[in-house]
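What the coordinates show
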Amino acid sequence: MTSPVTWENRDGIALITIDSPPVNALGHAVRAGLWEAVEAAEADPAVRALVITAAGRSFPAGADIREFGKPPQAPLLPDLCDRIEVCTKPVIAALHGTALGGGLELALAAHVRIAHAKARVGFPEINLGLLPGAGGTQRAPRLIGAEQALQLMTGGRPVRAADALAMGLLDGVVEDGLTEAALALAADLVADGTAPVPTRDRTEGFRNPQVYAEAIAAARRQPHPPEQPAATRIADCVEAALLLPFEAGLAYERAAFEELQATPAARGLRHAFLSERRLSKTPEAGTEARPVEHLGVIGGGRTGAALVLSALSAGLRVTLVERDHDALIAALERIADIHEAEVARGRLTPEKRDEDWARLAGSAELPRLAEAEMIVEAVPEDLGLKAEIFSQLGRVARPGAILASATAALDIAALATAAGRPADTLAFRPWTEIPRSGLVELGVTPRTGAEAVATATALAARLGHRAVRATGPLLGRMMGAWAAAADGLLLAGSTPLRIDTALRGYGYRRGRYQAEDLIGLATLSGLRRPGLADGLAARGRTGCAVGAGWFDWPEGTRRAQENDEVLALVEAERQRHGLPSRPVGEEEIVLSCLLALIAEGTRVLADETALRPSDIDMALMIGLGFPRWRGGPMLAADMMGLLDAKNALAALAPENPELWTPADLLADLLKNGRSFEDLNGI
Ligand code: CAA
């Protein structure tokens, strides 16, 4: 097998090139290749200096995430970094693209670093529940001090080359000709004849020990959940850089890295990273999308208005159609109000608002959509109404237009038939429960064409959303089960506040009841317990706030708790069902809601609504605010152990078999010693 690392002698300088697409991650073959190249170049008397560079889009973007959790293979990255640092000939790292994590650590082990002006560098390990484990926590503070090193490592955001240069992390930035500049620099160093100074011997960052110590203390004062110890351990390691000899500091960092790697949070975050990228691996991947510059939106309610706004913000032309003139005016006013609020908050400039507004047209006539390249219908959930709209669209839309419905629940196949264009029809469901949550569910039928899916996926990405491919309502089903479990606990004796507090304590971005008004509560409960919905409807109670909106927690839920009417209703419902009130603990709340998601997840997989378990996890993380560091409910099932999950579900089943009985898939996995993770593919 050819090595992904090659080198050649360019006038006495060894030009070492890493070539391992897509991002030159530092997997085993790359590490081994680099080690050999450095050894050979150092041993070669014709070589006076070394330049490490990378082909393709980027200098290494980090360790190879796919190797985490597997037995490590020598040479390990920390050893490779040491090997580079102790090289007796000057080593220059030439950075472009995104030099992240282990890639930046490799560069820090070199003696000099230059970068292309468009390069970005950083330590994103914290996003994976980790810390830089190849000397980064020891070398970076020696160059730039504790405050900036901590900012890079605990913030996890990459910085521009110019900023890294200003900090002292880089030694030079070039506009173009990176390799030539690196070779010229190497030649200068050789001509100069001064021995390279290894980063371990640099002390600029230690100049002011008091400032250094204050930065550590400030980092320690930041609150962090105990289950996510990475930030705390980063502060410990950066402190160790000042207090311990270099080798001892490295050993300290290594131990902390391994400790973090074994945490459930690191597993969850790694799973989230890989799951997010797996979302795009669909049967339609690689199909060319049709161009969409003009979007039609039918219905200017909450979903429609959100779509119009995000499409305008992405630079599209939009035609909004409402059922009549008055409804159109109301919808346009709603959109204008949101625009104005964004301007008032400083999120939108008045110029951009005017530009966006100029690309928006409104009408009460469907034929005005004849030029739109994609049309999304977002009217209330009424199959008859939607079918009528799709049948008209079949007549008026231009050939090749993608016809989509934002329906969260209804049968898309019926709409495809009504339009008479099954290959171009699909569901396009933006989830707006969590603002800027960025999830669009694509509902495809067996007759939906690959181009329609590719076009809708591309549009979702352009609007800043992740697309998850499903063959029916996915997130709606999962949320229904989650809500039903919470409602069961409410009737068993808990309160909205206790349930939401427990769920938020687990890490959900929203509780079950925060976003609900009474009728919402009743409708969701009505999925499994029509009684409560009927009770509320009979009392004519609509729009009475249980929660005042998810975002103003805890105010919303406090009001819910104080809302005697809700508590009285729940009590009446309890009595109607003859249910005794009992204490419900936090653990029970969290576990029940998780088990309900797991059970529904098995059903969603068994009927092939979702392509794979990790798509369900991702939909929940983005759309419901399931804690990312827990990796989603299907990973949580793997981590709890499938047998324990099955037994816990079996214990609950008699209470509500529809909710708690998993699909046979769970038993099959158990029988074959497999996990949900095994169903994810690569
Ligand atoms: N390991 C393995 N694969 C990686 C990778 C990594 N570190 N980073 C990216 N990839 C893969 C992605 O999985 C994706 O693969 P597919 O094409 O097969 O789906 C491909 O590279 C392209 O990635 P993106 O789709 O994310 O492309 P992008 O242009 O949107 O983003 C990126 C590129 C900024 C590098 C982004 O991928 C990213 O942030 N990567 C993670 C970087 C990271 O966390 N590095 C630290 C690793 S931990 C570490 O290094 C620990 C240590 O100290 C030893």
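Residues numbered from 1 in each chain as written. Predicted model: local features only at pLDDT ≥ 70, side-chain atom pairs only at ≥ 80, totals over all residues. Heavy atoms only, no water.

**Some points on the site of the ligand**
To keep things clear, this is the line we draw: We call a residue near a molecule or strand as soon as one heavy atom of that residue lies within 4 Å of the molecule or strand. As used in this structure description, the phrase polar contact means that two N or O atoms lie within 3.5 Å; if the pair is within protein, one of them must be able to donate a hydrogen and the other to accept it, and residues adjacent in sequence are counted only when both atoms belong to side chains. Note on areas: these come from Shrake-Rupley sampling with a 1.4 Å probe, and a residue is covered only by the protein chains present in the view. Three classes are used: nonpolar for Ala, Val, Leu, Ile, Met, Phe, Trp, Tyr, Cys and Pro, charged for Asp, Glu, Lys and Arg, and polar for all others, with Gly counted as polar.
Residues in contact with the ligand amount to 24 residues; listed here are only the nearest, R57, A63, G102, E105 and R277. In this structure, an oxygen atom belonging to the ligand sits 3.0 Å away from a main-chain N or O atom of G133. Residue R277 places a side-chain N or O atom 2.7 Å away from an oxygen atom belonging to the ligand. Compared with its free state, where it exposes 970 Å², the ligand has 73% of that area covered by protein. For the shell around the ligand, a count of residues per class yields 13 nonpolar, 5 polar and 6 charged.

**Considerations on helix α6 (residues 178-192)**
Using the following cut-off: Segments assigned H or I by DSSP are reported as helices when at least four residues long, segments assigned E as strands when at least two residues long, and all are numbered from the N terminus. Helices are assigned an expected span. That span is 1.5 Å times one less than the residue count. Should any heavy atoms of two residues lie within 4.5 Å, those residues are counted as being in contact.
For α6, which comprises 15 residues, the first-to-last C-alpha distance of 21 Å matches the rise-based estimate of 21 Å (1.5 Å per residue) to within 8%. Where α6 is buried, its residues touch β1 (5-10), β2 (13-18), β3 (49-54), β4 (91-95), β6 (112-116) and β9 (172-174). G193, located one to two residues past α6, shows a positive phi value of around 80°.

**Focus: the sheet that holds strand β14 (residues 402-405)**
Let me state the cut-off plainly: Between any two strands, pairing holds if DSSP finds at least two bridges. Whenever a helix is involved, its axis is fitted only over the stretch in contact; in every case the axis is a line through C-alpha atoms, and angles between N-to-C directions fall within 0 to 180 degrees.
Spatially, 8 strands are ordered β12-β11-β10-β13-β14-β15-β16-β17 in an open sheet, and the strand pairing comes out mixed. Edge positions in the open sheet fall to β12 (360-363) and β17 (466-470), since each of these has one partner strand only. Sheet twist, expressed as the average angle between the axes of neighbouring strands with direction ignored, equals 25°. Each of β10 (294-298), β13 (374-377), β14, β15 (425-431), β16 (439-443) and β17 is contacted by helix α16 (residues 450-462), which is oriented at about 20° to β15, the strand it contacts most.

**What about the state of the cysteines?**
This is how the line gets drawn: When two cysteine sulfur atoms lie within 2.5 Å, the pair is treated as a disulfide. Throughout this description, buried means an accessible area under 20% of the type-specific maximum (1.4 Å probe, protein chains only), exposed means over 50%, and partly exposed covers the range between.
Tallied over the entire structure, the rule returns 0 disulfides. The thiol of C81 is not disulfide-bonded; the next cysteine sulfur, from C87, is found 13 Å away. Judged by its relative accessible area of 0%, C81 is buried. Take C237: it sits in no disulfide, and the sulfur closest to it among the cysteines is that of C81, at 15 Å.

**Comments concerning the domain arrangement of the protein chain**
Selection criterion: Domain start and end points were adopted from an automatic or database domain assignment. Defined in terms of a 1.4 Å probe, buried area is the accessible area two parts forfeit on being brought together, summed over both. A side-chain nitrogen of Lys or Arg and a carboxyl oxygen of Asp or Glu constitute a salt bridge if their distance falls within 4 Å.
Domain boundaries in the protein chain define domain 1 (5-257), domain 2 (294-472) and domain 3 (477-679). Contacts between domain 2 and domain 3 engage 13 residues on the former and 13 residues on the latter. Summed over both sides, the interface of domain 2 with domain 3 buries roughly 1,100 Å², with 69% coming from carbon and sulfur. Between the two partners, domain 2 and domain 3, sit 0 salt bridges.

**What to know about the packing of helix α8 (residues 230-243) against helix α9 (residues 246-261)**
The criterion, for reference: Should an angle fall under 35 degrees it is called roughly parallel, over 145 degrees roughly antiparallel, and 65 to 115 degrees roughly perpendicular, with every other angle called oblique.
Here α8 crosses α9 at 175°, and the two axes come no closer than 10 Å. As summarised for this structure, α8 and α9 are arranged roughly antiparallel, according to the angle between their axes. Counted together, A230, R233, D236, C237 and A240 of α8 and Y252, E253, A256, E259 and L260 of α9 form the full contact between these two elements. Across the contact of α8 with α9, the residue classes break down as 6 nonpolar, no polar and 4 charged.

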